[in-house]
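# Remarks on the overall topology
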Amino acid sequence: MKICIYGAGAIGGYMGVMLKHGGLDVSLVARGAHLEAIKARGLTLVSKTGTITEQMPASRDPRDLGHQDYVIIALKAHQAWEAAEDLKPLLGPNTAVVTAQNGVPWWYFHGLDGPHADLRLRSVDPGDRQWNAIGPDRVIGCTVYPATEITEPGVIKHIYGDQFGLGEPNRQESERLTRFADAIAAGGMKPRLFTDIRDDIWLKLWGNLCFNPISALTHATLDIVATDPGTRALARNMMLEAQEIGERLGVNFRVDVERRINGAAGVGAHRTSMLQDLEKGRPLEIDALLGAVQEMGRLVEAPTPYIDAVLGLVQQMASVKGLYPTFPPEALAGQGAVETVLEPRLQLAAS
């Protein structure tokens, strides 16, 4: 089994080291000083149980690595959009693509029956770039629960968590899904298979769509956002709006709002990924966490006043700092920029 990690950063690098340590054939796509360190010294994972260093083929150019059985995309949603065409040299006739990302995925409506089957979400895939370059039939959905960070080029620190949710968009069992779950387990991680991976995507998104932007706007850590009366109430209202959208789309929320918020509070003084990106001057992942939820709310005619307000604030804050929008203007031309998603009706492209 050949597995390529496209985006060997904090999460991708963690997965790469663990899979390689489990005896699998792993290669990496990375860039910059991180790539040079991997080439020179291997990729090192530091955790509470010890330190592991693994040597793996690594390149910025996917053409150097050839066709794979599985490609794990471990990039932010907007980065994955940018990289869609570059993936092609890795894709053989039967290559599966595992989308290990936060937020609403571009393939969300693929494999579903009913009026929304194969609808495209312009907020996360303007111009259908990923839909056309990768193809939704290749996709295995994946939710990511470990917390990791790059402490220096070529070195990744594992903070907590080892679980990955996995599922086919069409809600069917498949050999490729089982084989990939076995590979995750062989690497010492914990796969959890879902009949509908969308349920798990929403459970994680449920927290990310409120805690991330609120923390970026206030600079407060997760424990404060989830326990301060004002920010907790705001998060709760955003989550209730999102729950209404999800349930109208057939999603099952296996925990209630209060339990989800309390779970976040229990993580402690954690700086959310959006806050970390803001502090480091990186583009903010707003569209997949908030814009897509707003877009889906318009689709099912569910009002989202709290989500709308926070989305507007975080978009403006990020725009002032030059960290948003993350898609180039030409990609948004002719289909409505994310900032104008507040239109009464959406023009969603069907296949």
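Note that the coordinates shown come from a computational prediction; the quantities given were computed from them, not determined experimentally.

### A few points about the nonpolar core
Of all hydrophobic cores here, the largest spans 76 residues; its most connected members are Trp202, Leu209, Phe211, Val293 and Met296. With 11 residues, the single largest contributor to this core is helix 6 (residues 197-218). Met18, Leu43, Ile156 and Phe180 belong to the second largest nonpolar core, which has 37 residues in total.

### Observations concerning the pattern of salt bridges
Here the structure, examined in full by the defined rule, presents 14 salt bridges. The shortest N-O distance in the salt bridge between Glu168 and Arg176 comes to 2.7 Å. Note that Arg271 and Glu279 form a salt bridge whose closest N and O atoms lie 2.8 Å from each other. We classify Arg271 as partly exposed; its relative accessible area is 32%. On the basis of relative accessible area, Glu279 is assigned to the partly exposed category, the value being 43%. Taken together, the salt bridges that share partners define one network made up of Lys76, Asp277 and Arg282.

### Notes on the sheet that holds strand 9 (residues 147-152)
One open sheet accounts for 4 strands, arranged 4-3-10-9; its pairing is mixed. Edge positions in the sheet fall to strand 4 (50-54) and strand 9, since each of these pairs with one other strand and no more. Averaged over neighbouring strand pairs, the angle between their axes works out to 25 degrees when direction is ignored. Note that strand 9 and strand 10 (residues 155-160) share 5 bridges and pair antiparallel. Residue pairing in the sheet places Ile150 in a bridge with Ile156 of strand 10. Helix 2 (residues 32-41) rests against strand 3 (43-47), strand 4, strand 9 and strand 10 of the sheet, and its axis sits at about 95 degrees to strand 3.

### Details of the packing of aromatic side chains
Each aromatic ring pair is summarised here by two numbers: the centre-to-centre distance and the angle between the ring planes. If you walk through the whole model with that rule in mind, you get 6 aromatic pairs. When the centroid spacing of 5.1 Å and the interplanar angle of 70 degrees are considered together, the rings of Trp81 and Phe327 count as edge-to-face. Linking Trp81 in helix 3 (residues 77-83) with Phe327 in the loop between helix 12 (305-320) and helix 13 (329-332), this pair joins segments that are 246 residues apart in sequence. Pair check on accessibility: Trp81 and Phe327 agree, each one buried. When the centroid spacing of 6.2 Å and the interplanar angle of 70 degrees are considered together, the rings of Trp106 and Trp131 count as edge-to-face. Here the residue Trp106 occupies a position in the loop between strand 7 (91-100) and helix 4 (129-133), and Trp131 occupies one in helix 4, the gap between them amounting to 25 residues. Under the relative-accessibility criterion, Trp131 is labelled buried at 9%. Between the NZ or CZ atom of Arg129 and the centre of the ring of Trp81, over which it lies, the distance is 4.7 Å. The positively charged end of Arg198 is found above the aromatic ring belonging to Tyr108, 5.4 Å away from the centroid.

### Observations concerning the pairing of strand 6 (residues 68-73)
The element strand 6 is extensively covered by neighbouring structure, given that 5 of its 6 residues are classed as buried. Pairing of strand 1 (residues 2-6) with strand 6, which is carried by 4 bridges, proceeds in the parallel orientation. Considered in strand 6, the bridge of Ile5 is made with Ile72. Where strand 6 meets strand 7, 5 bridges bridge the pair, whose relative direction is parallel. Bridged to Ile73 within strand 7 is Thr99.

### Notes on empty space enclosed by the protein
Tallied over the entire structure, the rule returns 4 cavities of 30 Å³ or more. Of the volumes computed, that of the largest cavity is approximately 110 Å³. Residue lining of the largest cavity: 15 residues in total, with Gln101, Asn102, Val104, Pro105 and Trp106 positioned closest to the centre. Within the lining of the largest cavity, the residues separate by chemical class into 10 nonpolar, 5 polar and no charged. If you add up the space inside the second largest cavity, you get close to 50 Å³. Lining the second largest cavity, in full, are Ala77, His78, Ser123, Val124, Leu284, Glu285, Ile286, Asp287, Ala288, Thr326 and Phe327. Contributions of two or more residues to the lining of the second largest cavity are made by helix 3 and helix 11 (287-299). In terms of residue class, the lining of the second largest cavity is made up of 6 nonpolar, 3 polar and 2 charged.

Rules and cut-offs
Residues numbered from 1 in each chain as written. Predicted model: local features only at pLDDT ≥ 70, side-chain atom pairs only at ≥ 80, totals over all residues. Heavy atoms only, no water. Core = buried A, V, L, I, M, F, W, Y, C linked by side-chain atoms within 4.5 Å. Buried < 20%, exposed > 50% of the residue type's maximum accessible area, 1.4 Å probe, protein only. Helix = DSSP H or I, 4+ residues; strand = E, 2+ residues; numbered from the N terminus. Salt bridge = Lys/Arg side-chain N within 4 Å of Asp/Glu carboxyl O. Pairing = 2+ DSSP bridges. Axes fitted to C-alpha atoms, helices over the stretch in contact; angles between N-to-C directions. Contact = heavy atoms within 4.5 Å. Phe/Tyr/Trp six-rings, centres within 6.5 Å; stacked < 30°, edge-to-face > 60°. Lys NZ or Arg CZ within 6 Å of the ring centre and 35° of its normal. 1 Å grid on protein atoms, 1.4 Å probe; cavity = no way out; pocket = protein on both sides within 12 Å on 5 of 7 lines; lining within 4 Å. Points joined across faces, edges and corners; volume = space filled by probe spheres on them. Nonpolar A, V, L, I, M, F, W, Y, C, P; charged D, E, K, R; others polar.

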